[in-house]
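Structural overview
What follows is the residue order along each chain.
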Amino acid sequence: MKLWSKMIGLSLVAAFVVSALMGCAKQASEAEGTIAKIKKQGKIIAGVKYDLNLFGLKDPASGQVQGLDIDIAKQIAKKVLGDEHAIEFMEVTSKTRIPMLKNGDIDMIVATMTITEERKKEIDFSDVYFTAGQSLLVPVDSTINSIKDLTKDAKVLTAKGSTSAKNVREAVPDAQVMEFENYAEAFTALKAGQGAALTTDNALLYGMAQQDRKFRVLEETFTKEPYGIGVRKGDEEFAKLINETLKELQDNGQYVDIYEKWIGKKPN
Ligand code: GLU
């Protein structure tokens, strides 16, 4: 055999061995599951929002992320690792959260995410930990007082990858919906007068109205948005542990404390 053909043969064998080994490693980590991964890392990597007051908001001065989602995520870290600080927060948007979970960048999604049948095809969810409903944020002097007041030339702003974009199109088929990368960008556009209203979950809109009193939230909600914590499909062991944590927080009163701290009243 000529030298070059021997070399090609050898490198093919080497490539085969390397890819077989990598395959084993991948299979092992998949079989291991998220809890083992978290224990090995010594921390949970939680995908959270950075631009939503009351749920997940990063303070640029301190670098701290704060909100209801953050407090819940810390309690899951405490359950798995015995330390609520054994957690790293990574920013997700409504559009990036599912891909980031699926490719292993994050271990769970705690980011104002509604449990939907469509999303359940891609990931699994914990039990419901918060219930919101979609509404509209408008300037205080707006004549819009209901979703029915949206005329067909009214621009409605929201975030890409959200149920809000889909729902508003269903509720007002001829509305002009403008989708932004995240809610911070959508809110900036509303403040700049680029739309008549911003639409998403009422709890998130209250957080925005709190940041800028020139806007108000409509009382009316036109959808139900039950939030769940997202885990990788088939990750039953981790989902079970999260549900146990949520149950414990309910039973020991900590959930009510967290809710009151951010929402300003007791849950119904
Ligand atoms: N809860 C809705 C959703 O999951 C809106 C909030 C968000 O975009 O995170 O799409």
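Remarks on the overall build of the protein
On a plain count of helices and strands, the protein comes out with 9 helices and 15 strands. Looking at the protein as a whole, 47% of its 268 residues qualify as buried. Restricting to contacts in the protein with at least 6 residues of sequence separation, those with at least 24 account for 68%.

What about the environment of Val177?
Residue position: Val177 is located in strand β11 (residues 176-180). Measuring from C-alpha to C-alpha, the distance between Val177 and Lys155 comes to 5.9 Å, with 22 residues separating the pair along the chain. In this structure, Val177 is in contact with Val156, Thr158, Val168 and Arg169, ignoring residues within four places of it in sequence.

Side note on helix α7 (residues 202-211)
Spacing of three or four residues puts side chains on the same side of an α-helix, whose turn is 3.6 residues. Summarising burial for α7: 7 of the 10 residues are buried, a large majority. Every buried residue belonging to α7 is among Asn202, Ala203, Leu204, Leu205, Gly207, Met208 and Ala209, and all of these are buried.

Details of the packing of helix α2 (residues 68-81) against helix α8 (residues 236-251)
α8 packs onto α2 with a crossing angle of 115 degrees between their chain directions and a minimal axis gap of 10 Å. Taken together, the axes of α2 and α8 lie roughly perpendicular to each other. Here α2 and α8 pass one another in a crossing that is right-handed. Mapping the contact onto sequence places Ile72, Gln75, Ile76, Lys79 and Val80 in α2 and Phe238, Leu241, Ile242, Glu244, Thr245, Leu246, Glu248 and Leu249 in α8. Its residues placed into classes, the contact of α2 with α8 shows 8 nonpolar, 2 polar and 3 charged.

Brief notes about the packing of aromatic side chains
This structure, assessed with the given rule, holds 7 aromatic pairs. Look at Phe55 and Phe130: their rings are 5.1 Å apart centre to centre, the planes differ by 85 degrees, and that puts the pair in the edge-to-face class. Taken together, the residues Phe55 in the loop between β2 (51-52) and β3 (56-58) and Phe130 in strand β8 (residues 130-132) connect sequence positions 75 residues apart. In this pair, the class of Phe55 matches that of Phe130, namely buried.

Observations regarding the sheet that holds strand β12 (residues 197-201)
An order of β11-β10-β12-β9-β13 is seen for the 5 strands of this open sheet, with the pairing classed as mixed. Looking at the sheet topology across the chains shown, the edges are occupied by β11 and β13 (215-217). On average, each strand axis in the sheet is tilted by 30 degrees relative to the strand beside it, whichever way the strands run. In this sheet, β12 lies alongside strand β10 (residues 155-159) in parallel orientation, the contact comprising 2 bridges. Its bridge partner being in β12, Val156 is matched across the sheet by Ala197. Taken strand by strand, α7 contacts β9 (134-139), β12 and β13, and its axis lies near 130 degrees from that of β12.

Some remarks on the nonpolar core
By size, the foremost hydrophobic cluster in this structure holds 54 residues, and its most contacted members are Ile72, Met108, Phe130, Leu137 and Phe238. It is α2 that provides the largest number of residues to this core, a total of 7 residues. When residues no more than four places from it in sequence are discounted, the contact partners of Met108 are Ile44, Ile45, Ala46, Gly47, Ala73, Ile76, Ile87, Leu101, Ile229, Gly230, Phe238 and Ile242. Among the nonpolar cores identified, the runner-up in size contains 13 residues, and Leu136, Ile147, Ala175 and Leu218 belong to it.

A word on the site of the ligand
Lys49, Ser94, Thr112, Tyr183 and Asp201 are the nearest of the 16 residues found near the ligand. At a separation of 2.8 Å, an oxygen atom of the ligand approaches a polar side-chain atom of Arg97. Within the side chain of Thr112, one N or O atom sits 2.7 Å away from an oxygen atom of the ligand. Calculation on the ligand without its partners gives an accessible area of 280 Å², and the protein chains cover 100% of this total. Broken down by secondary-structure element, the contributors of at least two residues to the shell around the ligand are α5 (163-171) and β12. Per-class residue counts for the shell around the ligand are 5 nonpolar, 7 polar and 4 charged.

Side note on the sheet that holds strand β4 (residues 65-66)
Spatially, β2-β3-β4 is the arrangement adopted by the 3 strands of the open sheet, whose pairing is antiparallel. Two strands close off the open sheet at either side, each with one partner strand: β2 and β4. Pairing analysis gives 2 bridges linking β2 to β3, with the strands arranged antiparallel. Its bridge partner being in β3, Asp51 is matched across the sheet by Leu57.

Conventions used here
- Residues numbered from 1 in each chain as written.
- Predicted model: local features only at pLDDT ≥ 70, side-chain atom pairs only at ≥ 80, totals over all residues.
- Heavy atoms only, no water.
- Helix = DSSP H or I, 4+ residues; strand = E, 2+ residues; numbered from the N terminus.
- Buried < 20%, exposed > 50% of the residue type's maximum accessible area, 1.4 Å probe, protein only.
- Contact = heavy atoms within 4.5 Å.
- Axes fitted to C-alpha atoms, helices over the stretch in contact; angles between N-to-C directions.
- Parallel < 35°, antiparallel > 145°, perpendicular 65-115°, else oblique.
- Left-handed = near helix turned anticlockwise from the far one by under 90°.
- Nonpolar A, V, L, I, M, F, W, Y, C, P; charged D, E, K, R; others polar.
- Phe/Tyr/Trp six-rings, centres within 6.5 Å; stacked < 30°, edge-to-face > 60°.
- Pairing = 2+ DSSP bridges.
- Core = buried A, V, L, I, M, F, W, Y, C linked by side-chain atoms within 4.5 Å.
- Near = heavy atom within 4 Å.
- Polar contact = N/O pair within 3.5 Å; in protein donor to acceptor, adjacent residues only side chain to side chain.
- Areas by Shrake-Rupley, 256 points an atom, 1.4 Å probe, with all protein chains shown as cover.

Any functional reading would require information beyond the geometric quantities listed.
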